[in-house]
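Each chain, written out:
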Amino acid sequence: MKAIIYILLFYIRHIYVYTVLSLCVMYLGRFFHKRLVMFMSSGPIWTHVLARDNAIQHWRQMMGPTKTYQAQYSFPDSIRGQFGLTDTRNSTHGSDSEKAATQEIHFFFPEFDMNKWLTEEENTYRTRTSVLKFCEERHVHFI
């Protein structure tokens, strides 16, 4: 898939506290849980399904370190280096594994059939055997 990051799905949405609670259950009991829930439900969020070779690793590199201070001083051009406010309000999230990505994609995009995309479309993105287009209105790539 070369070095391009393809945007397969994109939505701006507001998620409510009860939804965030179900999404962040793995952090229950951690000192930052309440702050994270309140921040994530405080306004609209941008959700994406991205595709690229080593997409998780590449996206995490673009985001920069979770610790905002470290991001601002060691990786100032990263997303968190530019936009992170605190370690809890660090401006972005990215799945840390394929398993987490699959769960999070299903959570935010239940209509997305990952198996279908992998079997029917991924190769086109990987080899660019068809012309790929970008829809500016929906902010997504498509065949």
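That block above? That's the structure.
The text that follows walks through the structure, step by step, so that each part is easy to find. (Residues numbered from 1 in each chain as written. Predicted model: local features only at pLDDT ≥ 70, side-chain atom pairs only at ≥ 80, totals over all residues. Heavy atoms only, no water.)

1. Comments concerning the overall build of the chain
- The helix and strand inventory of the chain stands at eight helices and four strands.
- Its helices and strands taken in sequence order, the chain reads β-α-α-β-α-α-α-α-α-α-β-β from the N to the C terminus.
- Considered along the principal axes of its C-alpha atoms, the chain spans approximately 50 × 35 × 30 Å.
- The long-range share in the chain, meaning contacts at least 24 apart out of those at least 6 apart in sequence, stands at 59%.
- With an accessible surface of roughly 9700 Å², the chain has 56% of that area assigned to carbon and sulfur atoms.
- In the chain, 16 positive and 13 negative side-chain charges are present, and the distance between their average locations comes to 7 Å. (Helix = DSSP H or I, 4+ residues; strand = E, 2+ residues; numbered from the N terminus. Contact = heavy atoms within 4.5 Å. Areas by Shrake-Rupley, 256 points an atom, 1.4 Å probe, with all protein chains shown as cover. Lys, Arg positive; Asp, Glu negative; His and termini not counted. Charge placed at Lys NZ, Arg CZ, Asp CG, Glu CD.)

2. Examining a nonpolar patch on the surface
- A surface patch of nonpolar side chains, amounting to about 240 Å² of accessible area, comprises Val17, Leu21 and Met38.
- Assignment of secondary structure puts Val17 in helix H1 (residues 17–23). (Patch = residues over 30% accessible without salt bridge, like charges linked within 9 Å, V, L, I, M, F, W, Y side chains within 5 Å. Salt bridge = Lys/Arg side-chain N within 4 Å of Asp/Glu carboxyl O.)

3. Topic: the pattern of salt bridges
- Under the counting rule described, the total for this entry stands at three salt bridges.
- Here Glu122 and Arg126 are joined by a salt bridge, their closest N and O atoms 2.7 Å apart. With Glu122 and Arg126 both in helix H8 (residues 122–127) and four residues apart, the pair spans about one turn of that helix.
- Judged by its relative accessible area of 34%, Arg126 falls in the partly exposed class. (Buried < 20%, exposed > 50% of the residue type's maximum accessible area, 1.4 Å probe, protein only.)

4. Some remarks on unusual backbone geometry
- With a phi angle near 55°, Asn54 is a residue other than glycine that sits in the positive phi range.
- Relative to the elements of secondary structure, Asn54 occurs in the loop between strand S2 (44–51) and helix H3 (55–63).

5. What about the pairing of S2?
- Of the two faces of S2, the one lined by Ile45, Thr47, Val49 and Ala51 is fully buried and the one lined by Pro44, Trp46, His48 and Leu50 carries no buried residue.
- Direction of pairing for strand S1 (residues 6–14) relative to S2: antiparallel, over a ladder of eight bridges. Each bridged residue has a counterpart across the sheet, and for Arg13 the counterpart in S2 is Ile45. (Pairing = 2+ DSSP bridges.)

6. Quick word on the layout of surface pockets
- Here the second largest pocket is characterised by a volume of approximately 250 Å³.
- Lining the second largest pocket are 14 residues, and of these Leu8, Leu9, Phe112, Trp117 and Glu121 lie nearest its centre.
- For the lining of the second largest pocket, the secondary-structure elements that each account for two or more residues are S1, helix H7 (114–120) and strand S4 (140–142).
- Looking at the lining of the second largest pocket element by element, the count peaks at three residues for S4.
- Counted by class, the lining of the second largest pocket contains eight nonpolar, one polar and five charged residues. (1 Å grid on protein atoms, 1.4 Å probe; cavity = no way out; pocket = protein on both sides within 12 Å on 5 of 7 lines; lining within 4 Å. Points joined across faces, edges and corners; volume = space filled by probe spheres on them. Nonpolar A, V, L, I, M, F, W, Y, C, P; charged D, E, K, R; others polar.)

7. Considering the packing of aromatic side chains
- In this structure the tally under the stated criterion is nine aromatic pairs.
- Geometrically, the ring pair formed by Tyr16 and Tyr18 is stacked, given 6.2 Å between the ring centres and 10° between the ring planes.
- The exposure class assigned to Tyr16 is partly exposed, which follows from its relative accessible area of 49%.
- Using a relative accessible area of 62% as the deciding quantity, one classes Tyr18 as exposed.
- Seen in terms of ring centroids, Phe31 and Phe32 are 5.2 Å apart; in terms of plane orientation they differ by 90°. Their pairing is edge-to-face.
- Here the aromatic residues Tyr6, Trp117 and Tyr125 are joined through ring pairs into a cluster of three or more. (Phe/Tyr/Trp six-rings, centres within 6.5 Å; stacked < 30°, edge-to-face > 60°.)

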